[in-house]
Amino acid sequence: QETWAVTGVYPNMAWTPDGKSIVFWAGGKIRRVDRDGANGAEIPFHVADTRGVIDAPHPQIAVAPDHFQTGMPRWAAVSPNGGQVVFESLGKLWVKSMNGGTPRRLTKSTDAEGFELFPSWSRDGKSIVFVSWTDAGLGAIRVIPAAGGNARTVTTQPGQYYRPKFSPDGKWIVFERGVSEGLTSPRYTDNPGVY
């Protein structure tokens, strides 16, 4: 049987060699009926078989473990002096020494304040620019001291912002402004380009 019966709801049917009857399946039985609809009958059959049945696997998967190792940090950016790296993991920004050690959260934002994406250092290594995002409020470009703390928003309206970068003197930020690709809100997507 096909998913929604596009080729009929019965398995294959067949004519008998003399062309007088049709053999088909119905109701869990093999049946035969003459082409004029008369003499409908069940064709008895019996299958002698043995099968080995094993227990199905039931792996135990922790849905919300207390600790786990992330496998996909994104948008890693090394500081100008080469001493630290900032990256995104689990929707938040983290800073880690290039010599190892434990990463630390860059911002103090909560999950309700959305995702933190596309971090980039200023040339003097004192600031980091990034994009914050919530589905309800859309995106904003924000700047935070590299030591952490409170971020300030530098855009005046929400939008679809990507890949902000400081100018060499740190006075300007260049960024992409995009359009919705169907998964996010189309609001504030006029005039995409580089700003």
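Each value, and the rule that gives it
Residues numbered from 1 in each chain as written. Predicted model: local features only at pLDDT ≥ 70, side-chain atom pairs only at ≥ 80, totals over all residues. Heavy atoms only, no water. Helix = DSSP H or I, 4+ residues; strand = E, 2+ residues; numbered from the N terminus. Patch = residues over 30% accessible without salt bridge, like charges linked within 9 Å, V, L, I, M, F, W, Y side chains within 5 Å. Areas by Shrake-Rupley, 256 points an atom, 1.4 Å probe, with all protein chains shown as cover. Salt bridge = Lys/Arg side-chain N within 4 Å of Asp/Glu carboxyl O. Buried < 20%, exposed > 50% of the residue type's maximum accessible area, 1.4 Å probe, protein only. Core = buried A, V, L, I, M, F, W, Y, C linked by side-chain atoms within 4.5 Å. Contact = heavy atoms within 4.5 Å. Pairing = 2+ DSSP bridges. Phe/Tyr/Trp six-rings, centres within 6.5 Å; stacked < 30°, edge-to-face > 60°.

### What about unusual backbone geometry?
Leaving glycine out, the prevailing phi sign among residues is negative, and the prevailing peptide bond configuration is trans.
Working step 1: Of note in the backbone geometry, F118 takes a positive phi value of approximately 55° without being a glycine.
Working step 2: In this structure, F118 sits in strand β9 (residues 115–121).
Working step 3: At N191, a residue that is not glycine, the phi angle is positive and equals roughly 55°.
Working step 4: Tracing the backbone through its elements, the reader meets N191 in the loop between β14 (173–177) and β15 (193–194).

### Considerations on a nonpolar patch on the surface
Working step 1: There is a patch of nonpolar side chains on the surface, built from I30, I43, F45 and V47 and spanning about 360 Å² of accessible area.
Working step 2: Take F45: its relative accessible area is 52%, and that puts it in the exposed class.

### Some remarks on the nonpolar core
Working step 1: Formed by L117, F118, V129, V131, W133, L138, I141, V143, Y161, F166 and F175, the largest nonpolar core amounts to 11 residues.
Working step 2: Those elements giving two or more residues to this core turn out to be β9, β10 (127–134), β11 (138–145) and β13 (161–166).
Working step 3: In contact with W133, not counting residues within four places along its chain, are E113, G114, F115, L117, L138, G139, G159, Q160 and T184.
Working step 4: Core analysis: the second largest hydrophobic core is formed by 10 residues, W121, F130, I144 and A146 among them.

### Structural notes on the side chain of S89
Working step 1: Here S89 lies in strand β6 (residues 84–89).
Working step 2: In contact with S89, not counting residues within four places along its chain, are T70, P73 and W94.

### Focus: the pairing of β13
Working step 1: Here β13 pairs with β14 via 4 bridges, running antiparallel. In the sheet register, K165 faces β14, and the bridge partner there is V174.
Working step 2: Between β13 and β14, which pair antiparallel in sequence order, lie 6 residues; one of them, G170, sits at a positive phi of approximately 75°.

### So, the sheet that holds strand β7 (residues 92–97)
Working step 1: Across the sheet, which stays open at both edges, the 4 strands sit in the order β5-β6-β7-β8 with antiparallel pairing between neighbours. This sheet does not close on itself; its edge strands, each paired only once, are β5 (74–78) and β8 (104–105).
Working step 2: With 3 bridges connecting them, β5 and β6 associate as antiparallel partners. Residue pairing for β6: A77 is matched across the bridge by V86.

### Some words on the packing of aromatic side chains
Working step 1: Enumeration over the complete set of coordinates arrives at 4 aromatic pairs.
Working step 2: Geometrically, the ring pair formed by F118 and Y162 is edge-to-face, given 5.9 Å between the ring centres and 80° between the ring planes. Of this pair, F118 sits in strand β9 while Y162 sits in strand β13, and the two are 44 residues apart along the sequence.
Working step 3: On the accessibility criterion, F118 (9% relative accessible area) is buried.
Working step 4: Owing to a relative accessible area of 23%, Y162 belongs among the partly exposed residues under this scheme.
Working step 5: Aromatic side chains Y161 and F175 sit 5.4 Å apart centroid to centroid with 90° between the ring planes, which places their arrangement in the edge-to-face category. In this pair, Y161 is assigned in strand β13 and F175 in strand β14, connecting sequence segments 14 residues apart.

### Side note on the pairing of strand β3 (residues 29–34)
Working step 1: Two elements, strand β2 (residues 21–26) and β3, share 6 bridges in a ladder whose sense is antiparallel. Considered in β3, the bridge of V23 is made with R32.
Working step 2: Following β2, the chain reverses through 2 residues before pairing antiparallel with β3; G27 in that reversal takes a positive phi of roughly 60°.
Working step 3: Inspection of the sheet shows β3 paired to strand β4 (residues 41–43) by 3 bridges, in the antiparallel sense. Note that in β4 the partner of R31 across the bridge is E42.
Working step 4: Turn length for the β3-β4 hairpin, with the two strands adjacent in sequence and antiparallel, is 6 residues, and the turn residue G37 shows positive phi of about 90°.

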